[in-house]
Amino acid sequence: MMILVAGPYRSGTNDDPELMQKNLSRLESVTLDLFRAGHLPVIGEWLALPLLHLAGSERPGDAPYNEILYPVAGRLLQKCDAVLRIEGESKGADEDVRIAKERGLKIFYKLSEVPGCA
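Because the structure is predicted, anything quoted here is derived from the model rather than measured.

Next up on the list: the overall build of the protein chain. In terms of helices and strands, the protein chain carries five helices and four strands. Over its C-alpha trace the protein chain gives a radius of gyration of 14 Å, about what one expects of a compact globule, namely 13 Å for 118 residues. When its C-alpha atoms are laid out on the principal axes, the protein chain stretches across 40 × 25 × 25 Å. Long-range contacts, defined as pairs at least 24 residues apart, comprise 64% of the intrachain contacts of the protein chain with a sequence gap of at least 6. When the accessible surface of the protein chain is totalled, it reaches about 6,900 Å², and 52% of it is carbon and sulfur.

Okay, the side chain of His39 next. As for its placement among the helices and strands, His39 is situated in the loop between helix H2 (31–36) and strand S2 (40–42). Only 3.2 Å separates the side chain of His39 from the backbone nitrogen of Met1, close enough to count as a polar contact. Polar side-chain contacts of His39 include one of 2.7 Å to the backbone oxygen of Pro115. When sequence neighbours within four positions are dropped, the list of residues in contact with His39 reads Met1, Ile3, Leu34, Val114 and Pro115.

Leu4, Val5, Leu34, Val83, Leu84 and Val114 are the most contacted members of the largest nonpolar core, which has 33 residues in total. If one sorts the elements of this core by residue count, helix H4 (residues 63–77) sits on top with six residues. Setting aside residues no more than four positions away along its own chain, Leu4 makes contact with Val42, Ile43, Gly44, Leu76, Leu77, Cys80, Ala82, Val83, Leu84 and Asp96.

Once that is clear, we can look at the pairing of strand S3 (residues 82–85). Side-chain positions along a regular strand alternate between the two faces of the sheet. Here S3 shows no split at all, with Ala82 and Leu84 on one side and Val83 and Arg85 on the other all buried. Sheet topology note: the strand S1 (residues 2–6)/S3 ladder contains four bridges and is parallel. Each bridged residue has a counterpart across the sheet, and for Ile3 the counterpart in S3 is Ala82. In the classification by handedness, the crossover that spans S3, the intervening helix H5 (residues 91–103) and the parallel strand S4 (residues 106–108) is right-handed.

Parameters at a glance
- Residues numbered from 1 in each chain as written.
- Predicted model: local features only at pLDDT ≥ 70, side-chain atom pairs only at ≥ 80, totals over all residues.
- Heavy atoms only, no water.
- Helix = DSSP H or I, 4+ residues; strand = E, 2+ residues; numbered from the N terminus.
- Rg over C-alpha atoms; globule rule 2.2 N^0.38 Å.
- Contact = heavy atoms within 4.5 Å.
- Areas by Shrake-Rupley, 256 points an atom, 1.4 Å probe, with all protein chains shown as cover.
- Polar contact = N/O pair within 3.5 Å; in protein donor to acceptor, adjacent residues only side chain to side chain.
- Core = buried A, V, L, I, M, F, W, Y, C linked by side-chain atoms within 4.5 Å.
- Buried < 20%, exposed > 50% of the residue type's maximum accessible area, 1.4 Å probe, protein only.
- Pairing = 2+ DSSP bridges.
- Right-handed = clockwise from strand over helix to strand, strands pointing away.

Structure representation (structure tokens):
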């Protein structure tokens, strides 16, 4: 399965780049296990961050950021089979789950729930 890993990225960071990187690292921490279980893990920021750079984004919440960051996850969800929702408050990740449910995708809340990762 292609699985979108969703969870806090910007939430709770007050836009501190170090805290945002820490959140990204937390999202990434499950990806190797997913891959080794035969899945293809994806994180929206993996695709969005290079695009933000190319678009000239200077800070979270500016026009290029809003144009790109969340829409990337929405487009990814058109291709994914499931979402793994990592713990932590995140409006963006909650929106990913809402969209995934509407599309009938599988939603996992723990790595151990994902086939092959128990």
